[in-house]
2 protein chains.
Amino acid sequence: MPLLVVGSVAFDSIETPTDSREKVIGGSAVHFSYAASYFTSVRLVGVVGEDWPDEHTTLLQSRKIDTEGLQVVQGEKTFFWKGRYEPNMNDRETLDVQLNVFGDFDPVLPEQFRRCKFLFLANGSPNLQLKVLDQVPGAHLSVADTMDLWINVERDSLMELLRRIDGLVLNDSEAKLLTGDENLVAAGHKTLALGPKFVVIKKGEHGAMFFSEHETYVLPAYPTESVVDPTGAGDSFAGGMMGYLAEQDDFDPTTLKQAMAYGIVVASYNVEDFSLDRMKTIERADLELRLEQYKKMLSF
Amino acid sequence: MPLLVVGSVAFDSIETPTDSREKVIGGSAVHFSYAASYFTSVRLVGVVGEDWPDEHTTLLQSRKIDTEGLQVVQGEKTFFWKGRYEPNMNDRETLDVQLNVFGDFDPVLPEQFRRCKFLFLANGSPNLQLKVLDQVPGAHLSVADTMDLWINVERDSLMELLRRIDGLVLNDSEAKLLTGDENLVAAGHKTLALGPKFVVIKKGEHGAMFFSEHETYVLPAYPTESVVDPTGAGDSFAGGMMGYLAEQDDFDPTTLKQAMAYGIVVASYNVEDFSLDRMKTIERADLELRLEQYKKMLSF
């Protein structure tokens, strides 16, 4: 099944304790799409400025990502983010954000995109996410990401969104902020009570937790020594998860858990180099190999 | 196989955001022994003052813990620790420490204790841990815990200990301090290079990691909403792990992983109430039940 994603397409400038990159390809919808492309055909909706190089679009197309929904605005610049990671490679400081063309992003979906059954609303304003949701009335599975900013400044819209989507993916700190509960298990259950059928709490290097009416579980991250750049880890996790669900055209509990595991494995590759550099080197077979290792790791 | 543990026996005063307890039974060797007692007979070596109530000793004996090695020093007081947990129930502040009789602890093992094949050196000065190790020359498996204090002030003795023991159990922050590496996978490998045949890094609410020459894996904590008091979680984890190894009289890779899982399950009970209060209510069957749930959680 094709998978639709709406989100940011960006230039990232990244500093780590040992290395840095300037204006590399990034953004939530980019990391998501690339990760999902190992599993299914992806339809990307986003916006860039005239400074966006054609080769970035070509790279996405080379993974069979449909970029018809990638709007190019002449005379404007692409969303730009600059950040620096702490030595623990988990905490980061935002050094610069220039919303540019993303600040006025008002996605109008191409007609054939509106019939997608699998929809991911990458991190963005809940008002915008709701507008997208309205354009895909027949979605079988709609999942959204969010962040602290929207929890703080657009709480009412976020609450409406939570009542309308099937799944929510968010970070541990965001789950605590949203619910006011410091215990992640309690925070997960409280988030679930806000409307979604399932909630995934991402814990970075510590893996991810899943909550639904009948299930609560946690899966650890795949242990890797070579964390070069964590940017996009959460988005590639979501991309792997949603990509697998769309491929299977199913989201029963068994498929959802398998999808979580694929998400974790894809994210473990994504962090092994800057931007999409590690992802460019892997095939589906690499994902399967690491998934087997991951399964073995959790068997006793 | 009997399991020997040498460590602290203490009074704990504990404050959490919602509740508190004064001078309850605690200490590393106590939490360890109680947890291990579900699996094997335990021989406890420690020291208390004359203020130690008989019923605490009786409680340990009711679990078939051999307290012949629990020395009572007349005219002195028992080790006392007072701490307060942050709202996240993971970070804590030490409000008071009175070493009392534990400050001069110089354990001389009863003769029959010296023939134990399974030995756990709970957190204590490496010099003291080495002295104990000398008294158990025939140990098949010796495992030690340590803490930031000893890494900072007795590094040389700790290094000698690491060359002589089979396994080391320590917290994530301690592994980072010991190796200077912020990546836990790298920190685990570097700790392994210091001598032990295996290293376990405890990550609190995020579970535990295992490192040996041929294996690296991470197991998540059992997700529980009711974290009432995390004191002793690490010691009960180690107690469950070592208790299972001693029961099996084995420590091959398969048994070690199973032991890690038992440790995680025991610790998940220990945190559900203050001191040993939750542990007092459970049987081996409760551990088996939760282990099955844990196994199921990690299967996909």
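Small disclaimer: the values here were computed from a predicted structure and weren't measured.

Right, let's get into the relation of the copies chain B and chain A. Once chain B is rotated about the relating axis by 180° and shifted along it by 0.0 Å, it coincides with chain A to within an RMSD of 0.0 Å. As the rotation angle and translation indicate, the two copies are arranged about a two-fold axis. Looking at the interface residues of chain B, 100% of them are also at the interface in chain A, so both copies use one shared face.

With that settled, the discussion passes to the packing of aromatic side chains. Under the defined criterion, the tally for this structure stands at 24 aromatic pairs over all chains. Their ring planes at 65° and their centres at 6.3 Å tell us that Y34 of chain B and Y38 of chain B sit as a pair that is edge-to-face. Y38 of chain B matches Y34 of chain B in its accessibility class, with the two residues each being buried. Measuring from centroid to centroid gives 6.2 Å for F118 of chain B and F251 of chain B, while their planes differ by 80°, and the two rings are edge-to-face. One end of the pair, F118 of chain B, is in strand β8 (residues 118-121); the other, F251 of chain B, is in the loop between α8 (233-248) and α9 (253-270), and 133 residues separate them in sequence. Its relative accessible area of 0% is what places F118 of chain B among the buried residues. Aromatic ring contacts, followed pair by pair, group F39, Y244 and Y262 of chain A into a single cluster. Over the ring of F11 of chain B we find K23 of chain B; its NZ or CZ atom is 4.6 Å from the centre of that ring.

All names here are of chain B. Of all 7 residues in strand β6 (residues 79-85), 5 are buried, a share of seventy percent or more. Bridge analysis of strand β2 (residues 10-15) against β6 gives 6 bridges, and the strand direction is parallel. Bridging across to β6, I14 finds its partner in G83. Direction of pairing for β6 relative to strand β7 (residues 92-98): antiparallel, over a ladder of 6 bridges. Bridge assignment links W81 to a residue of β7, and that residue is V97. Counted between consecutive antiparallel strands, the loop separating β6 from β7 contains 6 residues, among which M89 sits at a positive phi close to 60°.

Our next topic: the sheet that holds β2 of chain B. Residues and elements named next belong to chain B. Read from one edge of the open sheet, 4 strands run β3-β2-β6-β7, paired in mixed fashion. At either margin of the open sheet sits one strand with a lone partner, and together these are β3 (20-26) and β7. With direction set aside, neighbouring strand axes in the sheet form an average angle of 20°.

Residues and elements named next belong to chain A. Inspection of the secondary structure puts D12 in strand β2 (residues 10-15). Of the buried charged residues, D12 lacks a salt bridge, with R92 as the closest side chain of opposite charge at 7.2 Å. Discounting residues that sit within four places of it in the chain, D12 has contacts with R21, E22, K23, V24, G26, G27, W81 and T231.

On to the interface of chain B and chain A, then. Every contact between the two is made by 33 residues of chain B and, on the other side, 33 residues of chain A. At the boundary of chain B with chain A, total buried surface from both sides reaches about 2700 Å², with 64% on carbon and sulfur atoms. Its largest share of buried area at the contact with chain A, chain B owes to H206, E225 and F300 of chain B, together 27% of the area lost on that side. At the surface where chain B touches chain A, the tally comes to 0 salt bridges. Between the two partners, chain B and chain A, sit 14 residue pairs in polar contact (both at pLDDT 80 or more).

Residue and element names in this part refer to chain B. With mixed pairing, the 9 strands of this open sheet are ordered in space as β5-β4-β1-β8-β9-β10-β11-β12-β13. Whereas interior strands pair on both sides, the edge strands pair on one side only; in this sheet they are β5 (65-73) and β13 (216-219). Looking at each pair of strands side by side, their axes are set apart by 15° on average, direction ignored.

With that settled, consider the packing of α9 of chain B against helix α10 (residues 284-297) of chain B. Residue and element names in this part refer to chain B. The geometry of α9 relative to α10 is characterised by a closest axis approach of 9 Å and an angle of 115° between their N-to-C directions. The angle between α9 and α10 falls in the class roughly perpendicular. Read as a crossing pair, α9 and α10 show a hand that is right-handed. Of the residues in α10, those in contact with Q258, A261, Y262, I264, V265, V266, S268 and Y269 of α9 are R284, D286, L287, E288, R290, L291, Y294 and K295. Each residue belonging to the contact of α9 with α10 can be placed in one class, and the counts come to 9 nonpolar, 2 polar and 5 charged.

Here we take up the pairing of strand β8 (residues 118-121) of chain A. Residue and element names in this part refer to chain A. Side chains F118 and F120 project from β8 onto one buried face, and the interleaved L119 and L121 project onto a second face that is buried too. Pairing geometry for β8 and strand β9 (residues 141-145), over 4 bridges, is parallel. Following the sheet pairing, L119 is matched in β9 by S142. In this region the chain leaves β8, passes through helix α3 (residues 126-135) and returns to the parallel neighbour β9; the handedness of that crossover is right-handed.

This part takes up the environment of D106 of chain B. All names here are of chain B. If you trace the backbone, D106 turns up in the loop between β7 and β8. Taking the C-alpha atoms as reference points, D106 and V47, separated by 59 residues in sequence, lie 9.0 Å from one another. There is a polar contact of 3.4 Å between the side chain of D106 and the side chain of K131.

Turning our attention to unusual backbone geometry. All names here are of chain B. Phi at K64 is positive, roughly 60°, even though this residue is not glycine. By the element assignment, K64 lies in the loop between α2 (54-62) and β5. Of note, the phi angle at D249 is positive, near 50°, even though the residue is not glycine. Mapping D249 onto the fold places it in the loop between α8 and α9. Residue classification places D249 among the partly exposed positions, given a relative accessible area of 39%.

On to helix α7 (residues 184-192) of chain B. Residue and element names in this part refer to chain B. In terms of burial, α7 is largely enclosed, as 7 of its 9 residues are buried. Looking at α7, one finds that the buried residues are L184, V185, A186, A187, G188, T191 and L192. The elements touched by buried residues of α7 are β10 (167-171), α6 (172-179), β11 (198-202), β12 (208-212) and β13. In this structure N183 caps α7, since a side-chain oxygen of it lies 2.8 Å from the backbone nitrogen of V185.

What follows is about the side chain of D181 of chain B. All names here are of chain B. In this fold, D181 is placed in the loop between α6 and α7. Classification of D181 by relative accessible area gives buried; the value is 16%. Reaching out from D181, the side chain makes a polar contact with the backbone nitrogen of N183 at a distance of 3.0 Å. Ignoring any residue separated from it by four or fewer positions in sequence, one finds D181 in contact with K176, A186, A187 and K190.

Cut-offs used in this document
Residues numbered from 1 in each chain as written. Chains lettered and ligands numbered in written order. Predicted model: local features only at pLDDT ≥ 70, side-chain atom pairs only at ≥ 80, totals over all residues. Heavy atoms only, no water. Least-squares fit on C-alpha atoms with pLDDT ≥ 70 in both. Contact = heavy atoms within 4.5 Å. Phe/Tyr/Trp six-rings, centres within 6.5 Å; stacked < 30°, edge-to-face > 60°. Buried < 20%, exposed > 50% of the residue type's maximum accessible area, 1.4 Å probe, protein only. Helix = DSSP H or I, 4+ residues; strand = E, 2+ residues; numbered from the N terminus. Lys NZ or Arg CZ within 6 Å of the ring centre and 35° of its normal. Pairing = 2+ DSSP bridges. Axes fitted to C-alpha atoms, helices over the stretch in contact; angles between N-to-C directions. Lys, Arg positive; Asp, Glu negative; His and termini not counted. Salt bridge = Lys/Arg side-chain N within 4 Å of Asp/Glu carboxyl O. Buried area = accessible area lost by both parts, 1.4 Å probe. Polar contact = N/O pair within 3.5 Å; in protein donor to acceptor, adjacent residues only side chain to side chain. Parallel < 35°, antiparallel > 145°, perpendicular 65-115°, else oblique. Left-handed = near helix turned anticlockwise from the far one by under 90°. Nonpolar A, V, L, I, M, F, W, Y, C, P; charged D, E, K, R; others polar. Right-handed = clockwise from strand over helix to strand, strands pointing away.

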